[in-house]
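This is what each chain is made of:
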Amino acid sequence: MFIMDKNNLILQIAKGQKDALQRLTRVQKAFLLYYNSTYDNYQHEAQYAPLYLQKNFQKHQINALRLLSVETPREFCQLLETPIEKVENLINKPIYEEYEISKKRGGKRTILSPDYQLKEVLRSLNHFLQSYYLWLKPNEVHGFVINPKYLQQTNCTIVSNAKVHIGKKHILNIDLKNFFPNISAQQVKNLFTSSIFQYNEQLAIAITLLTTYKAHLPTGSPTSPVISNFVCLTLDSQLSAFCQQNQLSYTRYADDLTFSSEHYISDEIIDNIKALIKHNGFEINTQKLHIQSAHGRQVVTGITVNEKVNVDRKLLKKIRAMLHDLAQNGVDAATKRHFKSNKIDCQRFTERLHGYINFVGQVRGKDDALYLRFLYQFTCRQQNNADTKHHWD
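The rules behind the values
Residues numbered from 1 in each chain as written. Predicted model: local features only at pLDDT ≥ 70, side-chain atom pairs only at ≥ 80, totals over all residues. Heavy atoms only, no water. Helix = DSSP H or I, 4+ residues; strand = E, 2+ residues; numbered from the N terminus. Buried < 20%, exposed > 50% of the residue type's maximum accessible area, 1.4 Å probe, protein only. Contact = heavy atoms within 4.5 Å. Core = buried A, V, L, I, M, F, W, Y, C linked by side-chain atoms within 4.5 Å. pLDDT = per-residue confidence, 0-100. Pairing = 2+ DSSP bridges. Axes fitted to C-alpha atoms, helices over the stretch in contact; angles between N-to-C directions. Phe/Tyr/Trp six-rings, centres within 6.5 Å; stacked < 30°, edge-to-face > 60°. Salt bridge = Lys/Arg side-chain N within 4 Å of Asp/Glu carboxyl O. Patch = residues over 30% accessible without salt bridge, like charges linked within 9 Å, V, L, I, M, F, W, Y side chains within 5 Å. Areas by Shrake-Rupley, 256 points an atom, 1.4 Å probe, with all protein chains shown as cover. Lys, Arg positive; Asp, Glu negative; His and termini not counted. Charge placed at Lys NZ, Arg CZ, Asp CG, Glu CD.

1. Here's the deal with the overall build of the protein chain
Reasoning step 1: Counting its secondary structure elements, the protein chain contains 18 helices and nine strands.
Reasoning step 2: Counting over 393 residues, the protein chain shows a buried share of 49%.
Reasoning step 3: For the protein chain, restricting intrachain contacts to residue pairs at least 6 apart in sequence, the fraction spanning at least 24 positions comes to 66%.

Written as structure tokens, this is what we have:
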């Protein structure tokens with residue numbers, strides 16, 4: 001049978017040899033497009049594919065192989081279950097809404113949000129890209145990664161990112177400047193023609209045009225996070241190798257890079273890290289480069305890690321103040337005071353407060369007494385506000 005006779009490389013993948021995935025020939029990949037196969041020569045063999053794949057692969061691996069089996073723009077559209085004419089129109093006439101949001105520490109961030117039709121297609125593509133990246137993901141990466149329930153060991157969060165650095169004597173934080181906008185369309189196109197995807201020029205260009213805007217990755221697009229992770233594979237590999245040689249621990253959560261050690265992190269080591277980052281086409285935000293010692297508060301992706309993962313005291317104080325203001329003065333007054341504006345956006349206020357409380361639960365655990373108290377108080381305040389509104393209505 002075609003599947004069994006010519007599938008040795010795929011069997012290697014099933015055994016965990018990820019590099020075999022990059023050596024698959026197009027013939028070996030072709031039968032994997034079993035949901036939308038148009039290969040007349042493989043009709044007999046393809047009927048065995050679903051059962052064979054379900055037996056030997058997990059769901060995300062099957063989706064990854066389906067993505068890799070694509071060879072032409074038409075097959076690509078079939079995979080996304082979208083007419084090729086529609087995809088062509090989205091490529092030729094993309095519609096993005098551009099607006100700004102405030103950063104936590106001041107300044108503005110430009111968001112480019114695709115319109116509904118483009119966003120739906122990109123979400124579908126993101127599903128397959130995320131599945132493939134999960135297969136290749138380095139252990140050092142914790143951001144922009146899916147967490148299937150059947151793979152509990154791959155629970156990648158800001159908490160898992162921070163835990164690696166608990167109790168270390170020295171921590172170095174580095175932030176990549178303008179992360180998405182600094183990834184060019186050329187880098188994305190090179191990714192899709194590389195050994196990671198092995199797509200031909202025509203298909204690589206089509207996917208690049210679909211996923212980029214104004215020659216860069218747009219901040220606000222569903223596929224930008226996972227594509228950035230793919231682009232960073234070389235950077236992650238080089239930094240990981242360097243850290244192993246220099247007794248450092250390394251993690252990356254999106255554009256936040258963290259290095260920690262039991263030994264002093266010298267200027268020479270920092271310069272070498274900077275050089276590797278620059279060599280891979282990224283720019284460092286020098287204002288966010290920090291070295292933290294165990295003698296002071298050590299923070300990784302917003303979480304303190306001196307002895308255990310914990311929430312910053314400043315955030316806990318802010319949550320208490322917001323809950324108190326909400327209880328004493330009502331949601332309108334609390335919203336005005338929190339945002340320091342006469343514009344009333346109660347939904348934004350309650351969503352932000354709820355997000356803060358959920359963050360406490362994520363870090364400290366859902367059974368933590370403080371988290372449960374915050375959640376109870378928030379629920380009571382919400383109910384009181386709803387009852388008050390209903391009374392006046």
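Right, picking up where we left off after that structure.
2. Topic: the nonpolar core
Soluble, globular proteins show a tendency: their nonpolar side chains are buried together.
Reasoning step 1: Residues Phe192, Phe197, Phe230 and Ile273 are the most contacted members of the largest nonpolar core, which totals 72 residues.
Reasoning step 2: Leave out the neighbours within four places in its chain, and phenylalanine 192 touches Leu129, Phe197, Gln198, Tyr199, Ala204, Ile207, Thr208 and Ile227.
Reasoning step 3: With 29 residues, the next largest nonpolar core counts Val311, Leu326, Leu353 and Phe374 among its residues.

3. Considering the confidence of the model for the protein chain
Reasoning step 1: Averaged over every residue, the pLDDT of the protein chain is 85; residues scoring 70 or more account for 81%.
Reasoning step 2: Here residues 1-48 is modelled with pLDDT under 50, and outside its nearest four sequence neighbours on either side it reaches 88 contacts, counting other chains as well.

4. Description of unusual backbone geometry
Reasoning step 1: Not every positive phi belongs to a glycine, and glutamate 81 is a case in point at roughly 55 degrees.
Reasoning step 2: When you line up the elements, glutamate 81 lands in the loop between α7 (73-79) and α8 (84-92).

5. Side note on the sheet that holds strand β6 (residues 290-293)
Reasoning step 1: Strand order in this open sheet of four strands is β4-β5-β3-β6, and the pairing throughout is antiparallel. Each edge of the open sheet is held by one strand with a lone partner, namely β4 (249-253) and β6. For this sheet the average axis-to-axis angle between neighbouring strands, irrespective of direction, equals 15 degrees.
Reasoning step 2: For β4 and strand β5 (residues 256-261), the ladder comprises five bridges, and the chain directions are antiparallel. The partner of serine 249 across the bridge, within β5, is serine 260.

6. Brief notes about the packing of aromatic side chains
Reasoning step 1: This structure, assessed with the given rule, holds 12 aromatic pairs.
Reasoning step 2: With a centroid separation of 5.3 Å and an interplanar angle of 80 degrees, the aromatic rings of tyrosine 133 and phenylalanine 230 are classed as edge-to-face. Residue tyrosine 133 is found in helix α9 (residues 116-136), and its partner phenylalanine 230 is found in helix α13 (residues 224-231); the two are separated by 97 residues along the sequence.
Reasoning step 3: Centroid distance phenylalanine 192 to tyrosine 199: 6.2 Å. Interplanar angle 20 degrees. Geometry classified as stacked.
Reasoning step 4: We classify phenylalanine 192 as buried; its relative accessible area is 1%.
Reasoning step 5: Ring pairs connect the aromatic residues Tyr132, Tyr133, Phe192, Phe197, Tyr199 and Phe230, which therefore count as one cluster.

7. Details of the pairing of strand β3 (residues 170-175)
Reasoning step 1: In terms of burial, β3 is largely enclosed, as six of its six residues are buried.
Reasoning step 2: Here four bridges tie β3 to β6, and the two strands are oriented antiparallel to one another. Opposite asparagine 173, over in β6, you have histidine 290 as the bridge partner.

8. Focus on the side chain of threonine 258
Reasoning step 1: Take threonine 258: it is sitting in strand β5.
Reasoning step 2: Here threonine 258 is in contact with Asn161, His165, Ile171, Leu172, Asn173, Ser249, Tyr250, Thr251 and Val300, once residues within four sequence places are set aside.

9. Here we look at the sheet that holds strand β7 (residues 299-300)
Reasoning step 1: Here three strands make up an open sheet; going across it, the order is β7-β8-β9 and the pairing antiparallel. The two strands at the open ends of the sheet, each matched to only one other strand, are β7 and β9 (310-311).

10. A short note on the pattern of salt bridges
Reasoning step 1: Counted according to the given criterion, the structure contains seven salt bridges.
Reasoning step 2: Two residues, glutamate 201 and lysine 189, come together in a salt bridge whose shortest N-O distance is 2.4 Å. Highlighted residues: glutamate 201 in helix α12 (residues 201-211) and lysine 189 in helix α11 (residues 185-193), separated in sequence by 12 residues.
Reasoning step 3: The salt bridge involving arginine 297 is made with aspartate 312; its shortest N-O contact spans 2.5 Å. Separated by 15 residues along the polypeptide, arginine 297 in the loop between β6 and β7 and aspartate 312 in the loop between β9 and α16 (313-339) bring together distant segments of the chain.
Reasoning step 4: Classification of aspartate 312 by relative accessible area gives buried; the value is 17%.

11. What to know about a positive patch on the surface
Reasoning step 1: Taken together, the side chains of Lys108, Lys318, Arg348 and Arg352 make up a positively charged region of the molecular surface.
Reasoning step 2: Locating arginine 348 in the fold gives a position in helix α17 (residues 346-364).

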